[in-house]
Amino acid sequence: MASINSNEVSLLENGNGNGNGNVVKGSMNKESHHRYGRTAHSMSSSSLRKKSELTLVQKVPCRKFRQFLVNIQQVILGTKLAILFPAIPLAIAADMYNFGRPWIFALSLLGLTPLAERISYLTEQIAYFTGPTVGGLLNATCGNITELVIAVFALTQNKVAIVKYSLLGSVLSNLLLVLGTSLLCGGIANLRSEQRYDRRQADINSLLLLLAVLCHSLPLMFRYAMGSDAISAAPILALSRASAIVMLITYFVYLVFQLWTHRQWFEAQEEEDNDNVTEEETAEIGFWSAFIWLVGMTLLVALLSEYIVDTIEDASNSWGLSVSFISIILLPIVGNAAEHAGAIIFAFKNKLDISLGVAMGSATQIGMFAVPFCVIVAWIIGVPMDLNFNLIETGSLALAIIVTAFTLQDGTSHYMKGLVLLFCYVVIAICFFVDKSPLSNSNNINSSTSSLASA
């Protein structure tokens, strides 16, 4: 019996095969994959995927049931993180039976890890059918979906400090932890060869992040210049909303720059990884299957994010850790573990362009899209969120971006650069570990603005 590969099954799902299982040519080909290109994010996520063996699926006589099993095998079992999927029903059960709120938080955090990687996989599958432009926009939108969903749920509960902490932590984690570990491991693994990368992508991301620092610094300086929170709250909020609009406009121009005018700068090194490209020339599941899975997993991310927002303070009290440390350090490390691991793996292979694309690209997406997006969403729902992240947080962000920009300015790398970035992250983590200030005191500006709004 002829074997049925994943490409044939996906084509049959979409009506591109005949009744005998022969694939009709014309749906997707190598040329369409080349037009789609492979971004650093998709290459990074693919490093944690495993090839599904479909020899048993071909023995299933019912076509629809066979397609269902293929989807289960590709989507659920097609990742090395599949072992973490049981954390999702366990988190739901823990919530239903009131097992313990710190346990709900921990299980939800673990459940987000494979979901984030699978969402990246599903957006890549959809991109094979929609073309490079829509695929790039999907990747730009869903690349940090977990941070966005957590932030939106926190905003609906008026937990602005948690929103700021989690988004700040994502930027710091990408710039210092992920990039630092990648440069350190890559430098140690390639001691006999000089590691080089394309400076152009790093330069444009550094410029965008410096603009983000300016937009965060001005509200902070405005607060200290005015002296009184009550007097400066309303102007700071207006300044933050205007800055958020500017940041969003800049980010959309950046998408045009990335997806159209300078697309070649951001495509991964396909020509140096021909074997992997050959394996992934075509989609593994059909368009509608990928779309339905994407919607379902996004809903699961929303559910787990709601659990995290509801239980983070209980976990803080139970574990003796501050909310700032959990939000800035633990959430980004666990939530984006799959993407981070992929970046480090490619650094070992001396492919720093991919590692840089993951770390700098994610930091730029959070800093220039997620943060101003949350400010606008908060404005719409009547929650006063500004861009003043307080002195320690803004200072950490500014120094992290400046140190990273200096580190990447010459286009070469060695393990010492990675070590310095990694130790910068360790020092910042220690800072927030020893910071035991209550959550209510971490956002005085917003409380003052709320008073003005209610008045």
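The text that follows walks through the structure, step by step, so that each part is easy to find. (Residues numbered from 1 in each chain as written. Predicted model: local features only at pLDDT ≥ 70, side-chain atom pairs only at ≥ 80, totals over all residues. Heavy atoms only, no water.)

**Thoughts on the overall build of the chain**
Of regular secondary structure, the chain possesses 19 helices and two strands. For the chain, the proportion of its 455 residues judged to be buried stands at 57%. For the chain, contacts bridging at least 24 residues in sequence account for 84% of all contacts bridging at least 6. When the accessible area of the chain is evaluated, it comes to approximately 19,300 Å², of which 65% is carbon and sulfur surface. (Helix = DSSP H or I, 4+ residues; strand = E, 2+ residues; numbered from the N terminus. Buried < 20%, exposed > 50% of the residue type's maximum accessible area, 1.4 Å probe, protein only. Contact = heavy atoms within 4.5 Å. Areas by Shrake-Rupley, 256 points an atom, 1.4 Å probe, with all protein chains shown as cover.)

**Overview of the environment of V309**
Mapped onto the secondary structure, V309 falls in helix α13 (residues 287-319). Residue class for V309 comes out buried when judged on its relative accessible area of 1%. When the C-alpha positions of V309 and Q157 are compared, they lie 8.6 Å apart, and in sequence the two are 152 residues distant. Apart from the residues within four sequence positions on either side, V309 is in contact with I150, F153, A154, Q157 and K159.

**A few points about helix α16 (residues 352-381)**
For α16, which comprises 30 residues, the first-to-last C-alpha distance of 41 Å matches the rise-based estimate of 44 Å (1.5 Å per residue) to within 8%. I366 marks the point of greatest bend in α16, at about 30 degrees. A large share of α16 lies buried, amounting to 25 of its 30 residues. A positive backbone phi angle near 85 degrees is found at G382, which sits one or two residues after α16. (Expected span 1.5 Å × (residues − 1). Bend = angle between axes of the 7 residues up to and from the residue.)

**Considerations on the packing of α13 against helix α14 (residues 323-335)**
At a minimum axis separation of 9 Å, α13 and α14 run at an interaxial angle of 115 degrees. Here α13 is positioned roughly perpendicular relative to α14, judged by the angle of their axes. You can see that α13 and α14 cross each other, and the crossing is right-handed. Contact residues: α13 offers I308, I312, E313, A315, S316 and W319, while α14 offers V323, I326, S327 and L331. Residues belonging to the contact of α13 with α14 are distributed by class as follows: seven nonpolar, two polar and one charged. (Axes fitted to C-alpha atoms, helices over the stretch in contact; angles between N-to-C directions. Parallel < 35°, antiparallel > 145°, perpendicular 65-115°, else oblique. Left-handed = near helix turned anticlockwise from the far one by under 90°. Nonpolar A, V, L, I, M, F, W, Y, C, P; charged D, E, K, R; others polar.)

**Some thoughts on the packing of helix α6 (residues 101-130) against α14**
With their axes 8 Å apart at the nearest point, α6 and α14 run at an angle of 45 degrees to one another. As summarised for this structure, α6 and α14 are arranged oblique, according to the angle between their axes. Between α6 and α14, the contacting residues are F105, L109, L110, L112, T113 and A116 on the first element and I326, L330, L331, V334 and G335 on the second. Its residues assigned to classes, the contact of α6 with α14 comprises nine nonpolar, two polar and no charged.

**Remarks on the environment of M385**
Along the chain, the position of M385 falls in the loop between α16 and α17 (391-407). Among the residues examined, M385 registers a relative accessible area of 0% and is labelled buried. Residues M385 and L237, 148 residues apart in the sequence, show an inter-C-alpha distance of 7.1 Å.

**Describing the pattern of salt bridges**
Taken as a whole and judged by the stated rule, the model has seven salt bridges. In this structure, R118 and E117 form a salt bridge, with 2.8 Å as the shortest nitrogen-oxygen distance. With a relative accessible area of 2%, E117 lands in the buried category. Across the pair K164 and D386 runs a salt bridge whose closest N-O atoms are separated by 2.7 Å. (Salt bridge = Lys/Arg side-chain N within 4 Å of Asp/Glu carboxyl O.)

**A few points about a nonpolar patch on the surface**
Together, I188, L191, Y415, M416 and V420 line one region of the surface with nonpolar side chains, adding up to about 480 Å² of accessible area. If one sorts the elements of the nonpolar patch by residue count, helix α18 (residues 415-434) sits on top with three residues. (Patch = residues over 30% accessible without salt bridge, like charges linked within 9 Å, V, L, I, M, F, W, Y side chains within 5 Å.)

**Examining helix α8 (residues 145-156)**
For α8, built from twelve residues, the straight-helix expectation of 16 Å at 1.5 Å per residue is met to within 8% by its first-to-last C-alpha distance of 17 Å. Counting buried positions over the twelve residues of α8 gives nine, a clear majority of the element. Positioned one or two residues after α8, N158 has a phi angle of 65 degrees, which is positive.

**A look at unusual backbone geometry**
Of note, the phi angle at N158 is positive, near 65 degrees, even though the residue is not glycine. Turning to its location among the elements, N158 is positioned in the loop between α8 and α9 (160-189). For N158, a relative accessible area of 46% puts it in the partly exposed group. Positive phi, normally seen in glycine, also occurs at N390, with a value near 75 degrees. The topology assignment puts N390 in the loop between α16 and α17.

**A few points about the side chain of T407**
With respect to the helices, strands and loops of the structure, T407 is situated in helix α17. In terms of polar contacts, T407 uses its side chain to reach the backbone carbonyl oxygen of V403, at 2.7 Å. Ignoring anything within four residues of it in the chain, the contact list for T407 reads L183, Y197, K417 and L421. (Polar contact = N/O pair within 3.5 Å; in protein donor to acceptor, adjacent residues only side chain to side chain.)

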